[in-house]
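# Residue-level structural notes
Next come the chains, spelled out residue by residue.
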Amino acid sequence: MTDLAQYELMYILKPDLGEEAQQSAIEKVEQIVEGAGGTVEKTDKWGRRKLAYAIDDFTEGFYVVVNFSGDGAIANEITRLLNINEEVIRSMVVRLDD
């Protein structure tokens, strides 16, 4: 069994999602992490913020940060799944070193 690593996932949701759709999208991302074999430790909603540059004609986005643990292959799988999620306009997974 490989050691579990700590990761941080930051993603930006489309700003035009309603409150319920936003919460649903956040839960869906947590399910993606757990489905890929990870364990969600904390989800931090940063809220609506202005983007540094327009992405898909959006100038704002709803930022969310998720701390989770998982094995080495999890980051690639989560990135792949978030790239095909229509509600997420940008995402990044970073491994946190001890």
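Residues numbered from 1 in each chain as written. Predicted model: local features only at pLDDT ≥ 70, side-chain atom pairs only at ≥ 80, totals over all residues. Heavy atoms only, no water.

### Some words on the overall build of the chain
For the chain, the count of helices and strands is 2 helices and 4 strands. For the chain, the α and β elements follow one another from N to C terminus as β-α-β-β-α-β. Evaluated residue by residue, the chain yields a buried proportion of 39% over its 98 residues. Within the chain, counting contacts between residues at least 6 apart in sequence, those at least 24 apart form 71% of the total. Surface summary for the chain: the accessible area is close to 6100 Å², and the carbon and sulfur share equals 45%. Considering the chain, the positive charge centre built from 10 side chains and the negative charge centre built from 19 side chains are found 5 Å apart. (Helix = DSSP H or I, 4+ residues; strand = E, 2+ residues; numbered from the N terminus. Buried < 20%, exposed > 50% of the residue type's maximum accessible area, 1.4 Å probe, protein only. Contact = heavy atoms within 4.5 Å. Areas by Shrake-Rupley, 256 points an atom, 1.4 Å probe, with all protein chains shown as cover. Lys, Arg positive; Asp, Glu negative; His and termini not counted. Charge placed at Lys NZ, Arg CZ, Asp CG, Glu CD.)

### What to know about the packing of aromatic side chains
Taken as a whole and judged by the stated rule, the model has 1 aromatic pair. Both rings, one in Y7 and one in F68, keep their centres 5.3 Å apart while their planes meet at 15°; by these two values the pair is stacked. With Y7 in strand 1 (residues 5-13) and F68 in strand 3 (residues 58-70), this pair connects stretches of sequence that are 61 residues apart. Here the two residues Y7 and F68 agree in accessibility, since each one is buried. (Phe/Tyr/Trp six-rings, centres within 6.5 Å; stacked < 30°, edge-to-face > 60°.)

### Topic: helix 2 (residues 74-83)
Along helix 2, the residues classified as buried are I74, A75, I78 and L82. Buried residues in helix 2, looked at end-on, bunch into an arc of 95°, giving them a common side. Those residues of helix 2 that are exposed and aimed more than 90 degrees away from the buried face are N76 and N83. Buried residues belonging to helix 2 abut strand 1, helix 1 (19-35), strand 3 and strand 4 (88-96). (Arc of directions from axis to C-beta.)

### What to know about the side chain of E87
You can see E87 is positioned in the loop between helix 2 and strand 4. Discounting residues that sit within four places of it in the chain, E87 has contacts with I12, L13, K14, L17, A25 and K28.

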